[in-house]
Every structure is written in C-alpha cells, then in structure tokens.
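The lines below spell out each chain.
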Amino acid sequence: MPDDKFTRYGVDDYGNYFLRYWYITPAFFDGTWHYYSNKDLDDAFVPKADISLQVTYPKTYTLISELDEQQTIEIGNNNVRTSLKGIDRVNTKLFLNKVNLFKLVETDYFTIQSNIDEEGLKPIEVALISDKVAAFITKNLGKYPHKKILLTKIDYKKDPIYGLNLLPDFVRPFSDHFQYELKLLKTTLRNYLENTLLINPREDQWVLDGIQTYYLIKYVEDNYPDMKILGNLADVWGVRAFHAADLKFNDQYGFLYMHMARSNLDQPLNMPKDSLLKFNKNIANKYKAGVGLNYLDAYANGAEIKTIIHQFLIDNKLKNTSAAAFENAVKTQTNKNVDWFFKDYVGSSKKIDFKIKKIEQTEDSLKVTLKNKNDHKMPVSLFAMKDDTVVSKQWVEGFKDLKTITIPRDSADKLVLNYDSKIPEINLRNNWKSLGGFFSNNKPLQFRLFKDIEDPNYSQVFFMPEFDYNFYDGLSPGLKLYNKTLLSKNFLYRVSPKYAIKSKQIVGSASVSYADRRDGVSNYYTKYGISGSYYNYAPNLSYTSYTPYIDFRFRNPNDLRDNRKSYLNFRYVNIDREVDLTGEFETDGEPKYSVFNARYGQSDPNLKKFSSWFTDLQLAKQFGKISRHTRIKNTYRK
C-alpha cells in the first residue's frame, strides 16, 4: 500500500487507509481501447459497473464508502464484515479510518457524507447549507441517481476555492457560512459530475471543468451578487482605495485565467490533461472553460444556454458521452452561430482583443469601425453610454481585421466594447471611445498609491515613495511613477525623480520597455527597452548612464511543459562622467566610455537534473572579455 504523502491516497502514518482506483477494472472500450498511464491526475477512464463488495476489517476501524451499505456483521476475532453494493458506478472511494470524522447530512434530495472542515458552524447551519446546495444542484443539473454522495478533504484539497485555501486562519475576509457553503458547493459539483457525466477525463476534461465553474459563477450571482473578491477586507480603510476592492467575487475566474494568457502560457481547452502546465490544469483552464460558457451564455441567450446544459446533463446521465456530443447539443439547440466557441475559444489559445478604430458621426447615427487585433472570429458586445449609464447594447458577429457597423446615435456620449467584461479580453484599455472632444481616446487620468489591479475605466499612473542613498548625494527621497500592474503588460515605464539632500540636486532614474509576445513560435518573447540614471560620483560631479537593450527568449512552442529555454541578450552600456576641471578628483580612464555586452544562455531547471549555462561577451574601446558560466545539479537517492 503506497504512502498517502505522494497522492493523498494510500495509508497515512496512523494506519488510516484512503483508497481510490484501488481495484482492477477493464479499460473503457467504444470500438477503441482507452487506457492511460497513471500520472496522479485522478482521471482514470473506467466504464460504469454494478459493484458488490464484501469488506472484512478490524472493529477498531470505520468503513466509509459512497456505495450503499447492505449489512454489517461481526465475524469473530474482533473483525466485522460489511457488504456494499452500487449500481452504475464509476467512482468507488473506500476509506478505513480509526477515528470517524465523517458526518451524514440528510437533505431533501440526497444524503451528503463529508469530512470537509465545517468552519465551526453549528449542526443546524451545516444542515441548512447542505440542503441549499443540494437544491441548487438538483434544480440545475437534475436528480442525483444515487442515494449518497461522498465528499472528502482530499477532494477539496485537490480542487479548492483558490484564495480561500491560501489564507491563514486568523485572516477571515469571508464569513464561516460563506466559506463552507462555497467549499461544499464546489466539491459536490465535482463529485456529481464525475459520477454522472461519463466522458473521457483525459481528453474531454474541459466540459466537466466548464460546467462546474459555470455553475459556481451562477450560484454566486444568484445568492451573493454583491460579494467582493476581497470579502470584508474590501471595506477596510486603506484597502478600499484599491481597485482590487471593487472587484466582484466572480471576477477572480477571468483574472486568474488572464494571468496565464498575458504571460503567453495559456493552452487550448481541448488539449489532453497530461499535456497541460500544472497551473493550467489546476486553475487557468478550469476557469477559462467556465468563463467561456458564461461568455457563450451572454452572447446566445442566458436562459437558452442554461437550458441546453441542463438538458445535456439529463439526457446523458450515466451514459457514455463526449465533448463532441456536447458541441453538437449546443450547436443544434441554439439560434446563433457558435462555431467560433468550439473552434477558436476551445480549440486554440488565441487571445481576444478588440478596439474601436474610428467613429463617423451624423445627426442620427454613428458609423463605427471596429478592429479585431487577432486571427479569430469571436463576437464582441458594443455598448452606447450616456453619463456612465447604458443606453443600448448589441452583439457584433465575429469578424477578422476590420468591420464597420452603423448604429443609432440616441443620446450616447461614448461607445464601449465589452463594458460588462463578459468577454475575457487580454486588453480592456483600448475599448473606449468618446463621441466628443479632441482627445476622444483619453479616459480620466487617475493616480493611485502602490501597484493595483488595472482599472480599464481610467488611464492609471501608480506611485510610491522611494529613497536612495549614496555618499555624495546623501539621502534622496522621491517618488516612483510607473504603470506596472498585477497582471503582465507589454508596455511598461518607470520614472523615479528624487531630491538629493546633500548635493541639492534632482537625481533619479527612468526606464521604458515593450514586450512582444508571440504564440506558436520558438521566439516567444522579445523585449526592447532603455533605462538610464543620473547621480553624483564625487562632490558636485555627476554621471549619467543609459542602456538600450533587447532580449530574445526561446522555447519549444509545441510543448510548454518542456522546461528547456534559451535566451539571447544584447545591451549597450553608456557612462558619461562629468570631468573635474580643478583636478582635485582624478578619474581613472576616460570620463566617457561604452561597453557592448552580448550573452547567450540555456537552462533546463528540473528537480532531479538541473542545468544552466551562459556565455558572456563584453567589448569596449580598451578591453574585451569573454566568459562562460555553467551550473549542473543532479539529485540521487541514498
């Protein structure tokens, strides 16, 4: 029996047993055998079966299973035997615990047996929450076909509410009631879908992930529409000044997917589960799938898509199905063309980015030219606004490059794309266009203390106090002005002016850079930039430095799980020192000099076998230098 510290299943140090995929079962066959290596992905593809078990175990243990218990008898030698039975089962967990921490809650719909942390709630509160969750799931997913659903701490730890699971116990931004309710909902949704939606979990996992996240979003919209992503912290003085405090709880799904999309590390939803990066497997792809269904929901018709998903789950309950069947159900039951969703959104990692290119105005209409900055045909919503109130909304069908449409002018004073943020766009900063004034693209300028989540309604400048010190300038207090946010941005700038108290001069530094990120090519990242600074190196003697640079990064575009990467950097370091005409401070060498620096390196940072190396070349007027640095690390068993 394996130790549970590796996969959480097995036997722990106290002799408790936690079993899943623990007995031999035939592989799934539909004309082709579907069998896979066990990669600790909890995605064994097994056919449904009728199961009968007789388990003999010591009386000191308690048997926990989602199968129906037929009888338990004592058989002597302090042992007992339990007979279990289940019809149409695919997921047969079996636990033998010395201390039974599982509790049973009878709802009006099915029985919940769980050892998930109840956050100190009273039994009556747990019962009410359980019945509320069971009612929501039954209403939206249909009747559960088994008597009991088993929810475990292991289930939740493997698929937690990210954010809640990272907070220490003394930080409680959400009520115990809300935390337990969301934990119970997510874990129950996962188990319900795994036990009833018989799809290939290695190849078609996005369908299950998407439906789970979609209904998590809908549950919060229905029951906690005003819940913020920071919970009660959003009302704390100092915190509420940040835009992060304005975000709704459901905004986290698009935000965490966008973290990978902006870093060019997102992957198609229909990519096999064992080919995904860990962050994508655990978080980003799950959230992208749910946000995508919400996008489709807004585009087609909310009630229509909800009905299609509901009917698909009922029609295919405990039947073998697939992502292709789900696609067919959506396409045949909706009135709009949704090919874009399965081809571009699910089947690729193409980014979404629209902008309003120009507007031509007449007395009663607006001729609007939109630009799709990427190669896909996903639709976009266009809002006409008046004093921050929505005047009208319409969906523009998918197009490539440019599209011109004519809309009534009404009383609008600006047009906004994707105002409600239903579309997971990679860039929301170019979605606004004013209908008046010379600076039609300008949004209000906003200064914010410290880095924050970007607010697309403003042109934001962040600032923070900064202090430098050197002997000749003394203490130099100042401000750093910058535009870097929590999510990656291609264009970055930083300006840090300071006042040197000792030299009584304005000193400081500045930089500007642009990152060109590309999909599907080995040169996935190219960064262009220049940085500079101005300080004193002696009393009343200053120096100026500036360094233009360009960085190239390379990786295998066909396998993002491959850790091997290489890079090529070029920079030109320029130093201009002020000459001391009195001769009191003599400088070694020329006061002005430049150094060209080129570096090429490769790295393969694996856990067991780590290697990295680079070769560095430096050339100046009076010297040249070449060097190589190599680091190799191998890990061996004792």
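Scroll up a little and you will see the structure.
Residues numbered from 1 in each chain as written. Predicted model: local features only at pLDDT ≥ 70, side-chain atom pairs only at ≥ 80, totals over all residues. Heavy atoms only, no water.

A. The overall build of the protein chain, seen in detail. Within the protein chain, the secondary structure is distributed over ten helices and 30 strands. Overall, the protein chain is about 105 × 80 × 55 Å in size when its C-alpha atoms are taken along their principal axes. Each of the 638 residues in the protein chain was classed as buried or not, and the buried ones make up 47%. The long-range fraction of contacts in the protein chain, counting pairs at least 24 apart against all pairs at least 6 apart in sequence, stands at 59%. For the protein chain, the accessible surface area stands at approximately 32800 Å², while carbon and sulfur atoms represent 53% of it. Here the protein chain carries 91 positive and 77 negative side-chain charges, and the mean point of each set is 3 Å from the other. (Helix = DSSP H or I, 4+ residues; strand = E, 2+ residues; numbered from the N terminus. Buried < 20%, exposed > 50% of the residue type's maximum accessible area, 1.4 Å probe, protein only. Contact = heavy atoms within 4.5 Å. Areas by Shrake-Rupley, 256 points an atom, 1.4 Å probe, with all protein chains shown as cover. Lys, Arg positive; Asp, Glu negative; His and termini not counted. Charge placed at Lys NZ, Arg CZ, Asp CG, Glu CD.)

B. Region of interest: the layout of surface pockets. Computed from the structure, the largest pocket encloses a volume of approximately 1200 Å³. Leu 247, Asp 251, Asp 420, Ser 421 and Leu 428 are the residues nearest the centre of the largest pocket, which is lined by 41 residues in total. Among the secondary structure elements, those contributing two or more residues to the lining of the largest pocket are helix H5 (205-223), helix H6 (251-262), helix H7 (278-299) and strand S18 (414-417). Ranked by the residues each element gives to the lining of the largest pocket, the list is headed by H6, at six residues. Space inside the second largest pocket adds up to approximately 1000 Å³. Lining the second largest pocket are 41 residues, with Asp 353, Lys 373, Asn 427, Arg 429 and Asn 490 positioned closest to its centre. Among the secondary structure elements, those contributing two or more residues to the lining of the second largest pocket are H6, strand S13 (354-361), strand S19 (432-434), strand S21 (459-470), strand S23 (491-500) and strand S24 (505-517). (1 Å grid on protein atoms, 1.4 Å probe; cavity = no way out; pocket = protein on both sides within 12 Å on 5 of 7 lines; lining within 4 Å. Points joined across faces, edges and corners; volume = space filled by probe spheres on them.)

C. How the structure looks around helix H9 (residues 323-333). If you check which residues of H9 are buried, you get Ala 323, Phe 326, Ala 329 and Val 330. Taken around the axis of H9, the buried residues stretch over an arc of 120°, which confines them to a single face. For H9, the exposed residues lying more than 90 degrees away from the buried face are Ala 324 and Thr 332. (Arc of directions from axis to C-beta.)

D. Quick peek at unusual backbone geometry. Although it is not a glycine, Asn 78 sits at a positive phi angle of roughly 60°. Mapped onto the elements, Asn 78 comes out in the loop between strand S7 (68-76) and strand S8 (79-89). Looking at Asn 78, the relative accessible area reads 58%, which means it is exposed. Phi at Phe 450 is positive, roughly 75°, even though this residue is not glycine. Relative to the assigned elements, Phe 450 resides in the loop between strand S20 (445-449) and S21. The exposure class of Phe 450 is partly exposed, given its relative accessible area of 35%.

E. Inspection of the sheet that holds strand S2 (residues 17-19) at higher detail. Across the sheet, which stays open at both edges, the four strands sit in the order S1-S2-S9-S6 with antiparallel pairing between neighbours. The strands lining the two open edges of the sheet, one partner per strand, are strand S1 (10-11) and strand S6 (62-65). In terms of strand pairing, S6 meets strand S9 (residues 94-97) through four bridges, oriented antiparallel. When the sheet's bridge partners are listed, Ile 64 is paired in S9 with Phe 95. (Pairing = 2+ DSSP bridges.)

F. Quick look at a nonpolar patch on the surface. A cluster of nonpolar residues, Phe 467, Tyr 469, Phe 471, Tyr 472, Leu 475, Tyr 499, Ile 501 and Ile 506, forms a patch on the protein surface that exposes about 890 Å² of accessible area. Tyr 499 sits in the partly exposed class, given a relative accessible area of 38%. (Patch = residues over 30% accessible without salt bridge, like charges linked within 9 Å, V, L, I, M, F, W, Y side chains within 5 Å. Salt bridge = Lys/Arg side-chain N within 4 Å of Asp/Glu carboxyl O.)

G. Layout of the side chain of Lys 480. Secondary-structure assignment places Lys 480 in strand S22 (residues 474-482). At 4.4 Å, Glu 466 is the nearest oppositely charged side chain to Lys 480, a buried residue that forms no salt bridge. When sequence neighbours within four positions are dropped, the list of residues in contact with Lys 480 reads Phe 462, Phe 463, Met 464, Glu 466, Arg 494, Val 495 and Ser 496.

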